[in-house]
Amino acid sequence: MKAVICERYGGPEVLSIQEVPTPKIGDEDILVRICASTVNSADVRSRSLQAKGLVRLAMRLAMGWSRPRNPILGNIYAGTIQKLGANVKDFRVGDRVFGCTPGMQFGCHAESVAVKSSSAIFHMPKSADYGQAASLLFGGTAALYFLDKADPKPQQSILIYGASGAVGSAAVQISRILGLRVTAVSSGGNEAFVRGLGATDFLDYTDPEFQLKEGQYHIVFDAVGKLDRNSAKLALKSDGTYLTVASLDVAKEDKKQLQRLAKWYEDGKFKAVIDRSYPITDIQLAHRYVEEGHKKGNVVLKICKFEGIR
């Protein structure tokens, strides 16, 4: 099968398309023929070791010291089931599924991936194409993981910093679904976009007078890891919760998250937000675009031909 291979840490130029063996499966495994994945900030950080201090050290220990142990990056997939292990009962060959490989296992920027049937895999929303299904996951599962930790209540206030990215745009939508009052922080050109997702208030971080007011929010969620920690905590109410994707706490995906996202999508409450799509052969271009840090929502990686995606 064809796969994107990252043989060392570095810039997008370290990525290449190579032929590798199709994964073998055991009795509890599922082999998925991938039609779409995403290229996101986690892929960029993994490829470049874009982190500092303890986080960079932790990444090296988890992924490999001088190069990735698994050179096939990407942990988001949407596709069809090719083969089932003998003990798998809840799926059939040909089912359209979407899911995530756990932690830093990766393996999804390829034509096929083997996953455990107990892992974060679920039936795709019936009305979604492969690109839309894949785009629900990276931002959606991360936003759910962090927001669930805050145990939000209806009518509470939340500030989402980096509201136009994959995690931020998902967090805006999920917060709206949960009944929160959302203040979105992004650059001024994204105001209409994030308000369209459900934000009721907007702050432009590029405004020279931008400053968070003290004691305003029940939850402050830094969805890009760039908000000053002290400013974030000052903006919280006395019993408020501070969340950031820049912590050592890595979001964990499970089936329940996928089920919630799929239902919200089918109910018309949660949108698939896609900025651009690239064929797998343009993987370097996709990484360069994501690395610029200005994408809205997700960048889809098209691994097989399918209709309905830009």
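Worth saying up front: this structure is predicted, and the values here are computed from it rather than measured.

Colleague: What should I look at first to understand helix α8 (residues 283-291) in this one?
Modeller: Working note: α-helix, 3.6 residues per turn, so residues spaced by three or four point in the same direction. Residues Ile283, Ala286, His287, Tyr289 and Val290 constitute the buried set of α8. For α8, the buried positions fall inside an angular range of 165 degrees around the axis, keeping them on one side. Those residues of α8 hidden inside the fold are in contact with β1 (2-6), β2 (15-19), β3 (29-39), α1 (41-48), β13 (274-279) and β14 (298-302). Positioned one or two residues after α8, Gly293 has a phi angle of 80 degrees, which is positive.

Colleague: Which parts of the structure should I look at to understand the layout of surface pockets?
Modeller: To locate leftover empty space, one rolls a probe as large as a water molecule over the atoms. For the second largest pocket, the calculated volume is near 280 Å³. As for the second largest pocket, its lining consists of 16 residues, of which Thr183, Asp201, Leu203, Gln216 and Tyr217 are closest to the centre. Those elements giving two or more residues to the lining of the second largest pocket turn out to be β9 (181-186) and β10 (201-204). Residue composition of the lining of the second largest pocket, grouped by class: four nonpolar, five polar and seven charged.

Colleague: Quick question: what am I supposed to make of empty space enclosed by the protein here?
Modeller: Following the criterion strictly, the structure yields one cavity of 30 Å³ or more and no others. If you go around the largest cavity, the residues you meet are Ser135, Leu136, Gly140, Ala166, Ser169, Ala170, Gln173, Phe270, Lys271, Val273 and Asn298. For the lining of the largest cavity, the secondary-structure elements that each account for two or more residues are α3 (130-150) and α4 (166-177). Top element by residues in the lining of the largest cavity is α4. It accounts for four residues. Here the lining of the largest cavity is composed, by residue class, of five nonpolar, five polar and one charged.

Colleague: What is the right way to read the packing of α3 against α4 from this model?
Modeller: Two measures define how a pair of helices packs: the angle their axes make with one another and the distance between the axes. Packing of α3 against α4 brings their axes to within 8 Å, and their N-to-C directions diverge by 60 degrees. Between α3 and α4, the crossing angle belongs to the class labelled oblique. Every pair of crossing elements has a handedness; the one defined by α3 and α4 is right-handed. Contacts between α3 and α4 involve Phe138, Gly139, Gly140, Ala142, Ala143, Leu144 and Leu147 from the former and Ala166, Val167, Ala170, Ala171, Ile174 and Ser175 from the latter.

Colleague: In this structure, what is going on with the state of the cysteines? I would like to understand it.
Modeller: Two cysteines, two sulfur atoms, one covalent bond between them: this is a disulfide. Per the stated rule, a full pass over the model turns up one disulfide. The side chain of Cys35 participates in a disulfide bridge whose partner is Cys304; the two sulfur atoms lie 2.3 Å from each other. Between Cys35 and Cys304, the S-S torsion sits near 110 degrees, and that sign places the bridge as right-handed. One end of the pair, Cys35, is in strand β3; the other, Cys304, is in the segment after β14, with 269 residues separating them in the sequence. Note on accessibility: Cys35 and Cys304 belong to one class, buried. Between Cys108, a free cysteine, and Cys100, which holds the nearest cysteine sulfur, the sulfur-to-sulfur gap is 7.9 Å.

Colleague: Any chance you could explain the sheet that holds strand β8 (residues 157-161) here in plain terms?
Modeller: Through backbone hydrogen bonds, the strands of a sheet pair up, either in parallel or in antiparallel fashion. Judged by pairing direction, the sheet is parallel, and its five strands sit side by side in the order β10-β9-β8-β11-β12 without closing on themselves. The open sheet has two free edges, formed respectively by β10 and β12 (236-244), since each of these has just one partner strand. Across the sheet, the mean angle from the axis of one strand to that of its neighbour is 20 degrees, orientation sign disregarded. Across four bridges, the pairing between β8 and strand β11 (residues 217-222) is parallel. Bridge pairing in β11 places Tyr161 opposite Asp222. Packed onto the sheet, α3 meets β8, β11 and β12 and runs at close to 155 degrees relative to β12. Sheet contacts for α4: β8, β9 and β11; angle to β8, the most-contacted strand, approximately 165 degrees.

Colleague: Can you walk me through the packing of aromatic side chains in this structure?
Modeller: Centre-to-centre distance and the angle between the planes together describe a pair of aromatic rings. Applying the stated criterion across every chain, the model contains three aromatic pairs. Judged by centre distance (5.3 Å) and plane angle (85 degrees), the rings of Tyr145 and Phe146 are edge-to-face. The same class applies to Tyr145 and to Phe146, which are both buried. When the ring of Phe146 is compared with that of Phe221, the centres are 5.7 Å apart and the planes differ by 35 degrees; the resulting orientation is tilted. Within this pair, whereas Phe146 is found in helix α3, its partner Phe221 is found in strand β11, the two being separated by 75 residues in sequence. Overall, Phe146 belongs to the buried group, its relative accessible area being 3%. With a relative accessible area of 0%, Phe221 lands in the buried category. Three or more aromatic residues link up through ring pairs in this structure, and these residues are Tyr145, Phe146 and Phe221.

How each quantity is defined
Residues numbered from 1 in each chain as written. Predicted model: local features only at pLDDT ≥ 70, side-chain atom pairs only at ≥ 80, totals over all residues. Heavy atoms only, no water. Buried < 20%, exposed > 50% of the residue type's maximum accessible area, 1.4 Å probe, protein only. Helix = DSSP H or I, 4+ residues; strand = E, 2+ residues; numbered from the N terminus. Arc of directions from axis to C-beta. Contact = heavy atoms within 4.5 Å. 1 Å grid on protein atoms, 1.4 Å probe; cavity = no way out; pocket = protein on both sides within 12 Å on 5 of 7 lines; lining within 4 Å. Points joined across faces, edges and corners; volume = space filled by probe spheres on them. Nonpolar A, V, L, I, M, F, W, Y, C, P; charged D, E, K, R; others polar. Axes fitted to C-alpha atoms, helices over the stretch in contact; angles between N-to-C directions. Parallel < 35°, antiparallel > 145°, perpendicular 65-115°, else oblique. Left-handed = near helix turned anticlockwise from the far one by under 90°. Disulfide = S-S within 2.5 Å. Pairing = 2+ DSSP bridges. Phe/Tyr/Trp six-rings, centres within 6.5 Å; stacked < 30°, edge-to-face > 60°.

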